[in-house]
Amino acid sequence: MEIDNKTVWITGASSGIGLELCRQLAAKGARIVLSARRKDTLVEIAKSLPGGLTRHWVVPLDLAVADDTLVTFVQGQLAEIGPVHILINNGGISQRSLFIDTDLSVYRKLMEVNYMGSVAMTKALLPSMLSRQNGMIVSISSVAGKVGTKLRSGYSGAKFAVVGFMDCLRAETAEHGVHCLTICPGSIQTNIAINALNASGDAQNKNDDSIINGMAVEECVRDIIKAMINERDEVVIGKGFSGLAPTIKRFFPGLFNRISAKTEYR
Ligand SMILES: NC(=O)c1ccc[n+]([C@@H]2O[C@H](COP(=O)([O-])OP(=O)(O)OC[C@H]3O[C@@H](n4cnc5c(N)ncnc54)[C@H](OP(=O)(O)O)[C@@H]3O)[C@@H](O)[C@H]2O)c1
């Protein structure tokens, strides 16, 4: 799908991959709808894009409350914004804690933000795409949505769910002009580890070596946009072990499981 003059709704637009998606897609001529919780940050980012607030929109929302009210709220914005051609379900939050230590509420929050948030945004925006027989849903899952490692049982559960949801949605929308693309990034240099939840649901507030040494966010986003233009179905983006892990797991599952049991991937 071409990007020029398309309207692209991006969740998690205030930081990391979402912020870089705003920059690179706006530079290619897209109009962006920026969503996340931090309104002031979104406004500053929108102002910095070509055309500023006359060309782009800021719609603050909280994916942790992904219910019918969110769906109605998002659909209510369409009267002002007009047709949304591409939805990027990017907003998300990670985890760094062992299952045995972790509060049940942390599992619920990871599922709500990462999975239900994506489902609710899709519920809001897919019907108008189907009625136009044209559109694209992009969901940012993770390599953690393809393989399991220590410290991420809630995050992986939610990201595996995103992969399954997108596989089913792709099958249901293929004949109706709507393309579904799943992105599985490995370790990318963003604030994901700093914001990751600990066992009691607070941000761990420290970075991880895997993220510090990960792929630059600019390169990751270039690959995401290439996958959008080429209408790919599912793409793994990462360097080193994080990029190879799904292939190792697929062809050598026993080996992968042994590595996973011995490694604390931080
Ligand atoms: N970086 C990696 O290594 C990596 C790897 C695999 C997958 N991913 C996925 O990539 C996506 C983007 O993450 P990132 O790496 O860019 O991390 P990030 O820098 O921490 O950005 C996360 C974004 O999600 C938003 N967000 C978090 N909770 C939210 C909520 N309750 N409601 C609405 N927005 C919320 C944040 O905005 P506010 O705080 O303003 O709400 C922020 O814009 C996530 O889905 C993540 O799981 C990242």
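Please refer to the structure placed before this passage.
Rules and cut-offs
- Residues numbered from 1 in each chain as written.
- Predicted model: local features only at pLDDT ≥ 70, side-chain atom pairs only at ≥ 80, totals over all residues.
- Heavy atoms only, no water.
- Pairing = 2+ DSSP bridges.
- Helix = DSSP H or I, 4+ residues; strand = E, 2+ residues; numbered from the N terminus.
- Contact = heavy atoms within 4.5 Å.
- Axes fitted to C-alpha atoms, helices over the stretch in contact; angles between N-to-C directions.
- 1 Å grid on protein atoms, 1.4 Å probe; cavity = no way out; pocket = protein on both sides within 12 Å on 5 of 7 lines; lining within 4 Å.
- Points joined across faces, edges and corners; volume = space filled by probe spheres on them.
- Nonpolar A, V, L, I, M, F, W, Y, C, P; charged D, E, K, R; others polar.
- Core = buried A, V, L, I, M, F, W, Y, C linked by side-chain atoms within 4.5 Å.
- Buried < 20%, exposed > 50% of the residue type's maximum accessible area, 1.4 Å probe, protein only.

Draft legend 1. Summary view of the sheet that holds strand β7 (residues 234–237). Overall, parallel pairing links the 7 strands, which are arranged β3-β2-β1-β4-β5-β6-β7 in an open sheet. One side of each edge strand has no neighbouring strand; the edge strands of this open sheet are β3 (57–58) and β7. As paired elements, strand β1 (residues 7–11) and strand β4 (residues 86–89) share 3 bridges and run parallel to each other. For tryptophan 9, the partnering residue across the bridge sits in β4 and is leucine 87. Running over the sheet, helix α5 (residues 104–132) touches β1, β4, β5 (135–140) and β6 (178–185) and is turned about 175° from β4.

Draft legend 2. Representation of empty space enclosed by the protein. Applying the stated criterion across every chain, the model contains 1 cavity of 30 Å³ or more. Computed from the structure, the largest cavity encloses a volume of approximately 30 Å³. As for the largest cavity, its lining consists of Thr149, Phe241, Phe256, Ile259, Ser260, Thr263 and Tyr265. When residues in the lining of the largest cavity are grouped by element, the largest group, 3 residues, is from helix α11 (residues 253–262). Class assignment for the residues of the lining of the largest cavity results in 4 nonpolar, 3 polar and no charged.

Draft legend 3. The nonpolar core, seen in detail. By size, the foremost hydrophobic cluster in this structure holds 37 residues, and its most contacted members are Leu25, Ile32, Ile88 and Met228. In terms of residue count, helix α9 (residues 217–229) provides more of this core than any other element does, 7 residues in total. Once you skip the residues sitting within four places of it in the chain, isoleucine 88 turns out to touch Val8, Trp9, Ile10, Thr11, Leu21, Leu25, Val138, Ile140 and Met228. With 33 residues, the next largest nonpolar core counts Trp57, Leu70, Ile81 and Val84 among its residues.

Draft legend 4. Region of the structure containing unusual backbone geometry. Even without glycine at this site, leucine 151 takes up a positive phi of about 75°. Within the secondary structure layout, leucine 151 lies in the loop between β5 and α6 (153–173). Given the relative accessible area of 6%, leucine 151 is considered buried. Phi at asparagine 205 is positive, roughly 60°, even though this residue is not glycine. Tracing the sequence through the fold places asparagine 205 in the loop between α7 (192–195) and α8 (209–212).

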